[in-house]
Each structure stands twice: as structure tokens, then as C-alpha cells.
Amino acid sequence: MKKGEIYEGFVERLDFPNKGIVRSGDEIAVVKNTIPEQTVSFLVNKKRKGKVEGRLVTVLEKAPYEVESTCPHFGECGGCSYQNMPYQKQLALKESQVRRLLMPAFEKQMLLNGESRSVDKTDIISYMNTIFEGILASPVQYEYRNKMEFSFGDEYKDGPLALGMHKRGSFYDIVSVRECQIVDADYRKVLSCVLDYFTQQNSTYFHRIRHTGYLRHLLVRKAQKTGELLIALVTTTQETHDLQPLVDKLCALPFIGKITGILHTKNDTLADIVQSDETVVLYGKDYFFEELLGLKFKISQFSFFQTNSLGAEVLYQTVRKYFGTLTQTGEKEKVIFDLYSGTGTIAQILAPVAKKVIGVEIVEEAVEAAKQNAALNGLSNCTFIAGDVLKVLDTIEEKPDVIVLDPPRDGIHPKALGKIIEYQVHQMVYISCKPTSLARDLEVLLDGGYRMERVTALDQFPWTNGIETIVLLTHADI
């Protein structure tokens, strides 16, 4: 294949997160935004060290199972990848991706357990089937998200104001997603109201190259259980506007839920991220409440919280089920470390069956929220510490009996993982939102004496390429 030329090929499989493996003659190329069994044309845009990457030009022949998307923005919007796949097919795809990524770890575990040095693929798959428990579906497939960060911009250069998601394959262009299907009607009403208001005002958006303009992002959060809404308009301080008319319009909308707060968040950083230099409450308060598994959680605009509340309940029930295995003896006598604890959700769900739970989280706001939530739920055996896990572990006097790991997408820092292994706890649970990072960390944990005992995948993010994985690990020598 030559760079700059167009080829045709058949999509043999889709590797995580969005890598279509396309065969064209005797050659292979990686082409994003494809699904298995499509025939596509693609432009070779990168070729290095024998690896070829291409950009999808067109789908010449659909996959036999392919369906029409229910979302009018699919294909243009970069938010979803699988709207053209039946849900059960999507689950099977995600499970196969996790299995493929974890296969080297299972092979290594077999060899460490004393299996023959000539383990073949069939043996590994058979062994994996005794531990890997498949994939759990999201309880709801549409309108499941409890948080969305919409961006202001334009759909094409010098076009009209847009508010929504980045266009597929573009860093600059924005698609107005008025009919987005992974959020409910209240989100769509807020987006349309805000976009129409600022369009009528001829307002400017923050230009990512010129670094000028006013509008940056619209953050909307909604609790699936309580129906409470929190809305934050994120702007620069380059202009001054009276936002009360917008507040009045938002409060007048016929919501399914109810607004608890409208915020004006000021952000003058050059980076394209949602953060606050200053936040002003325009209406109500700066938080809302969500409920999970009988517990109540106070959530602010930047609190980490699983984006699929009903899916989170399935996740935490699975963790609690695994934890039940950990506490068959010595109930309420164990010290649990919840590392990368966010707002302390897992810590509080496990607290009733523990002597003490210590959560460690680098985001200070999340730690404060965790402390408030523990008090709100009447849990006195939870302690939350703000700081980097790598450094904080050196300051904690208690030794854990059980460790729960829920790291960010990039996984666990190698030095932190070494310290975690040094505790030599009998069992731990690792929750991963990026299976490539999990696969890397499992190799280290296996070398540290741990073995995978149970593995479950969970679809927290229908129609997107996201996938959650939960692993119960047992130390072989303890």
C-alpha cells in the first residue's frame, strides 16, 4: 500500500477502542470508524515501520447485521461508534475485545501455574472460560448518561454558532446534537434553549486557535433516580453578559425532572477542558443529589461519578458480590483500601461489611464530597485522604486486608502498583475503564504473585467504544 492512495478492503475485526482491521489483498490496514464485516474504501494516510493506517472514505457494502441508526447525528457526531449495530451484537463485540486484550495475561497465568510451556490458543480459551464470566448489559441502552459536556463552536469555518459534540475526526468542528439519543429529553431541552438564546444574541464562542471569544462549554448533569438537574455555562471573562434572561428561559422549560442549580463557570485557560477559575451561582445551589443502592450522594459540577447511574449499580453490585467472597470469614473485621476513590461511592457501598474503609483520591473536591456523602449516609467508618496514591500510601499507618482499585483510564503508576503489591493482601478487586491499561497492569500483578480468580466485563457506555472490566485477584501464596 502507498501513502496517499485509496484502497478497498474487508473489515475482519474491530480492536479496542476503534481500530478496524481491514484486509486489502494480502495487506492489512487499521481504519477507524468501521465495524466488522463491512467492505470499505480508505485513504492510506500513515505508513511507518510496516504498519498502515487509513482514513475511511466510504462504506461500499454494509455488514449483514448492520441497522439504521435511531440518532440523526450518527456518523457526523464523534460521540458514538456503534449506533448502526444491534445492541446484542455490540455486547458480543466488546466482550471479544476484552478477551483478546486479556489473552496474554491468561496465558501467563497458566504458565505461572505450572502448565506446559507449549500452551496453544485453544488451551488458553478453554482456561479463560473458567474465569471470564462474560459481559453484563447496561440496564438501559438509551438516555442513560447523567453527565454531558457540550462544546460551543461552529459546524464549519465561519458557520453559525453550534453547541454539541466534536464532529467525527475533527478537533475544531462542532455538531449541534439537538436529538442526541444517549441523554434524555431534559438535556435536549437545555441544549436547544441555550443554543437558541446565544444565537439570537449573536454571541461569540472561544476560538481554539485565536484564543478569543466568550462561550466555551455547557455542562449538564442529571440524577437518574431523583431527577435533579445541574446546569453550568462555561465562558471566558473576555466579555460581560447579563445571564438572567437565560436563567429565566431555562427555569420556564417543562422538564421531566427539576433544576436545582444554574451556574456560571469562568474559565480562561487556553486548554480545551472544562474547569473553573471562578463559579457564580445564578440560580439555586451548586450541587444535586443522586441515589445508588439505597445510599445518597451529593454531586457538584466537577464531582467524579459514574456516568451511567443504573449501570453503576450493576458495577457496584458485582464488586459487592466479589467482596462477599472476600469476607466469608471475619465479617466487619477487615480494613479496606479504596484507591482512586473519587467521591467515595465504592467505599460507602462496602463500608457496612468492613471495619474501616480508607479512600485515597487526588482530586480534593472529590474527597470533600466523599466526606460529606459518608456523613449524609451515617457512615462513621470511612476515612478519605486527598493526594496521589503513590505518595499517600507511605503516610497511612493502617495495613489493608482488602484493596479495591478503580484507577483513571491510564491505569496505575508502575511505582504505585509496586507499593500496592507490597501489601501482600490476600485478595483485591481491580475496576478498569480501559482494558488496554488493565492488560498492562495485570502482567505486573501476576509477576507480583496475584492470580485472576473472576473477571466480568460490563457495558456502561452503550453505542460508544467504552467498556468496563472488573477483576477479582487472589494472591497465590497467601
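Predicted model, so just to flag it, every value in this text is computed and none were measured. (Residues numbered from 1 in each chain as written. Predicted model: local features only at pLDDT ≥ 70, side-chain atom pairs only at ≥ 80, totals over all residues. Heavy atoms only, no water.)

**Concerning helix α4 (residues 244-251)**
Considered for burial, the residues of α4 that qualify are Leu 246, Val 247 and Leu 250. Buried residues in α4, looked at end-on, bunch into an arc of 100 degrees, giving them a common side. (Buried < 20%, exposed > 50% of the residue type's maximum accessible area, 1.4 Å probe, protein only. Helix = DSSP H or I, 4+ residues; strand = E, 2+ residues; numbered from the N terminus. Arc of directions from axis to C-beta.)

**Side note on the sheet that holds strand β12 (residues 258-266)**
Taken in spatial order, the seven strands line up as β9-β8-β7-β10-β11-β12-β13 in an open sheet, and their pairing is mixed. Bordering the open sheet on either side are β9 (174-176) and β13 (278-284), each of which pairs with just one other strand. Sheet twist, expressed as the average angle between the axes of neighbouring strands with direction ignored, equals 35 degrees. Relative to β13, β12 runs antiparallel, the two sharing six bridges. Its bridge partner being in β13, Gly 261 is matched across the sheet by Gly 284. Sitting on the sheet, helix α3 (residues 185-200) is in contact with β7 (147-154), β8 (161-166), β9, β10 (215-222) and β11 (228-235), with an inclination near 155 degrees to β10. Here α4 sits on the sheet and contacts β11, β12 and β13; the angle it forms with β12, its principal contact strand, is near 155 degrees. (Pairing = 2+ DSSP bridges. Axes fitted to C-alpha atoms, helices over the stretch in contact; angles between N-to-C directions. Contact = heavy atoms within 4.5 Å.)

**A few points about the sheet that holds strand β3 (residues 27-31)**
Pairing within the closed barrel is mixed, and its five strands lie in the order β1-β2-β3-β5-β4. Ignoring which end each strand starts from, the neighbouring axes of this sheet average 50 degrees apart.

**Thoughts on the packing of aromatic side chains**
For any pair of aromatic rings, geometry is given as the distance between the ring centres together with the angle between the planes. The full count for this structure, using the stated rule, is 10 aromatic pairs. Ring centres 5.6 Å apart and planes at 80 degrees place the aromatic pair Tyr 287 and Phe 289 in the edge-to-face group. Both rings, one in Phe 337 and one in Tyr 423, keep their centres 5.5 Å apart while their planes meet at 85 degrees; by these two values the pair is edge-to-face. Here the residue Phe 337 occupies a position in strand β16 (residues 335-339), and Tyr 423 occupies one in the loop between α9 (414-422) and β20 (427-432), the gap between them amounting to 86 residues. Members of the aromatic cluster, each reached through a chain of ring pairs, are Tyr 87, Tyr 142 and Trp 463. It is Lys 296 that lies over the ring of Phe 289; its NZ or CZ is 4.8 Å from the centre. (Phe/Tyr/Trp six-rings, centres within 6.5 Å; stacked < 30°, edge-to-face > 60°. Lys NZ or Arg CZ within 6 Å of the ring centre and 35° of its normal.)

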